[in-house]
Amino acid sequence: MKRIAIFASGSGSNAEKIAGYLTDHPDIEVTLILSNNPKAGIIDRARRGFGSDQKLHVPVLVFDRKTFYESDRIVQLLQKQEIDLIVLAGFMWLIPEALVKAFPQKMINIHPALLPKYGGKGMYGHFVHEAVVEAGELKSGITIHYVNEQYDEGNILFQASCALEPSDTPEDVARKVQVLEHRYYPEIVEKVLLNHEITNHE
Ligand SMILES: Nc1nc2c(c(=O)[nH]1)N[C@@H](CN(C=O)c1ccc(C(=O)N[C@@H](CCC(=O)O)C(=O)O)cc1)CN2
Ligand SMILES: NCC(=O)N[C@@H]1O[C@H](COP(=O)([O-])[O-])[C@@H](O)[C@H]1O
C-alpha cells in the first residue's frame, strides 16, 4: 500500500479531490493531512469525510512555524508513518531543506500557472492570476512539479493549459485554472505513485 501525506494551508479543494479520487483505491491511501493554518478549510472538509459517501476520515495535524522550522517533529512523523509521497495542495510556506532532503523525489506541488513564468516567492493564489491578467496573457494553466529547496524550481512533471479571453478577470482565470487542477492533480498523484507514464495536455 502506497501512503500519501497532503499539506494544505487553505480551502483544501484539491486535497479533497485527491482524497475522494483515492477512496477505496486498492494500492494507495491518504494517510495524513497536515496544515499550518488552524482555520484552514481543509480541516472542516476532513471532519466531514471524503469520498462519495463521506466515509473516508483522514487524520489532520496542525503545526506552527516553530515546529515546522525549528524541530524535526514533522520529518520524524512522516518517516515513522512510512509516507511514500508528500503532496502539496495549496501549501503556502517554504518547505525547509531538511524535509526536502528527507523525501528526495517524493514531494510534488501544484502551481496555478505555466511555470517558469509567474512562480517564486509572492506568487501564490490570486497574486498569480492577477499577474497573468496584468501581463495580458491569452493562456494560463497548471504546473505539477517535484519540490526542491526553492519555490517552484523543481523538475516539471506535468502541465495543462487553458485559453483566456482579453476580458477575463483574475477570478475568471482562477476558475478556469481550478477546473484543470481538479481534473488532473488526482490522476497525476496516482501515476507518480504507480510509476505510470505522464503526458502533458498543453
Ligand atoms: N521548498 C519548497 N517549498 C514550497 C514550494 C516549492 O516549490 N519548494 N512550493 C510552494 C507552493 N507555492 C507555489 O506553488 C508557493 C506558496 C507560497 C509562496 C509564498 O510566497 N509564500 C509567502 C508566505 C505566504 C503565507 O505565509 O501565507 C512567503 O514565503 O512569503 C510561494 C510559492 C509551497 N512550498
Ligand atoms: N503557489 C501555490 C499556489 O498558489 N497554490 C494554489 O493554491 C490553491 C489552493 O486551492 P485549494 O486550497 O482549494 O486546493 C490552488 O489554486 C493551488 O494551485
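Per an unreviewed UniProt entry, the protein carries the name Phosphoribosylglycinamide formyltransferase and comes from Larkinella rosea. Reading the Catalytic activity (unreviewed entry) entry of the UniProt record for the protein gives the comment "N(1)-(5-phospho-beta-D-ribosyl)glycinamide + (6R)-10-formyltetrahydrofolate = N(2)-formyl-N(1)-(5-phospho-beta-D-ribosyl)glycinamide + (6S)-5,6,7,8-tetrahydrofolate + H(+)". The protein has a UniProt comment under Function (unreviewed entry) that states "Catalyzes the transfer of a formyl group from 10-formyltetrahydrofolate to 5-phospho-ribosyl-glycinamide (GAR), producing 5-phospho-ribosyl-N-formylglycinamide (FGAR) and tetrahydrofolate."

A. The environment of Val-177, seen in detail. Assignment of secondary structure puts Val-177 in helix α7 (residues 170-193). Given a relative accessible area of 1%, Val-177 falls into the buried group. A sequence separation of 66 residues divides Val-177 from His-111, and the C-alpha atoms of the two residues are 9.7 Å apart. Apart from the residues within four sequence positions on either side, Val-177 is in contact with Pro-112, His-129, Ser-140, Gly-141, Ile-142 and Cys-162.

B. Just the UniProt feature "binding site: (6R)-10-formyltetrahydrofolate" (unreviewed entry) in the protein, in detail. The UniProt record annotates "binding site: (6R)-10-formyltetrahydrofolate" (unreviewed entry) at Asn-109. The residues touching Asn-109, leaving out its near neighbours within four places in the chain, are Leu-88, Thr-143, Ile-144, His-145, Val-147, Asp-152 and Tyr-185.

C. A look at the UniProt feature "active site" (unreviewed entry) in the protein. Here, the residues flagged by UniProt with the feature "active site" (unreviewed entry) are His-111. You can see His-111 is positioned in strand β5 (residues 107-111). Not counting chain neighbours up to four residues away, the residues in contact with His-111 comprise Tyr-118, Gly-119, Met-123, Val-128, Gly-141, Ile-142, Thr-143 and Asp-152. For His-111, the side chain forms a polar contact with the main-chain oxygen of Tyr-118, separated by 2.6 Å.

D. A look at the site of ligand 1. Close to ligand 1 lie 21 residues, the nearest being Trp-93, Asn-109, Gly-122, Asn-148 and Tyr-151. Contacts to ligand 1 include Asp-152, whose backbone N or O atom sits 2.8 Å from an oxygen atom. Protein chains shield 84% of the accessible area of ligand 1, which is 710 Å² for the free molecule. In terms of residue count, the dominant contributor to the shell around ligand 1 is β5 (three residues). Residue composition of the shell around ligand 1, grouped by class: 11 nonpolar, seven polar and three charged. Here the shell around ligand 1 spans two domains, and each of domain 1 (1-104) and domain 2 (110-202) adds at least three residues to it.

E. Representation of the nonpolar core in the model. Counting residues in each nonpolar core, the largest one holds 43 residues, and the members touching the most others are Ile-6, Val-87, Ile-108, Tyr-185 and Val-189. No other element matches α7, which puts nine residues into this core. Summarising the domain contributions, this core has at least three residues from each of domain 1 (1-104) and domain 2 (110-202). Grouped together as the second largest cluster of nonpolar side chains are 20 residues, Leu-34, Ile-74, Leu-99 and Val-147 included.

F. Representation of the site of ligand 2 in the model. In the region of ligand 2, 14 residues are neighbours, and Gly-12, Ser-13, Asn-14, Gly-125 and Glu-181 sit closest. At 2.9 Å, a backbone N or O of Asn-14 approaches an oxygen atom of ligand 2. Backbone polar atom of Met-123 to a nitrogen atom of ligand 2: 3.1 Å apart, as the coordinates give it. Protein chains bury 87% of the 450 Å² of accessible surface belonging to ligand 2 in isolation. Looking at the shell around ligand 2, the elements that each hand over two or more residues are α1 (13-22) and β5. Residue contributions to the shell around ligand 2 reach at least three from each of two domains, namely domain 1 (1-104) and domain 2 (110-202).

Calculation rules
- Residues numbered from 1 in each chain as written.
- Chains lettered and ligands numbered in written order.
- Predicted model: local features only at pLDDT ≥ 70, side-chain atom pairs only at ≥ 80, totals over all residues.
- Heavy atoms only, no water.
- UniProt positions renumbered as here; feature names shortened; annotations may be inferred.
- Helix = DSSP H or I, 4+ residues; strand = E, 2+ residues; numbered from the N terminus.
- Buried < 20%, exposed > 50% of the residue type's maximum accessible area, 1.4 Å probe, protein only.
- Contact = heavy atoms within 4.5 Å.
- Polar contact = N/O pair within 3.5 Å; in protein donor to acceptor, adjacent residues only side chain to side chain.
- Near = heavy atom within 4 Å.
- Areas by Shrake-Rupley, 256 points an atom, 1.4 Å probe, with all protein chains shown as cover.
- Nonpolar A, V, L, I, M, F, W, Y, C, P; charged D, E, K, R; others polar.
- Domains from an automatic or database assignment.
- Core = buried A, V, L, I, M, F, W, Y, C linked by side-chain atoms within 4.5 Å.

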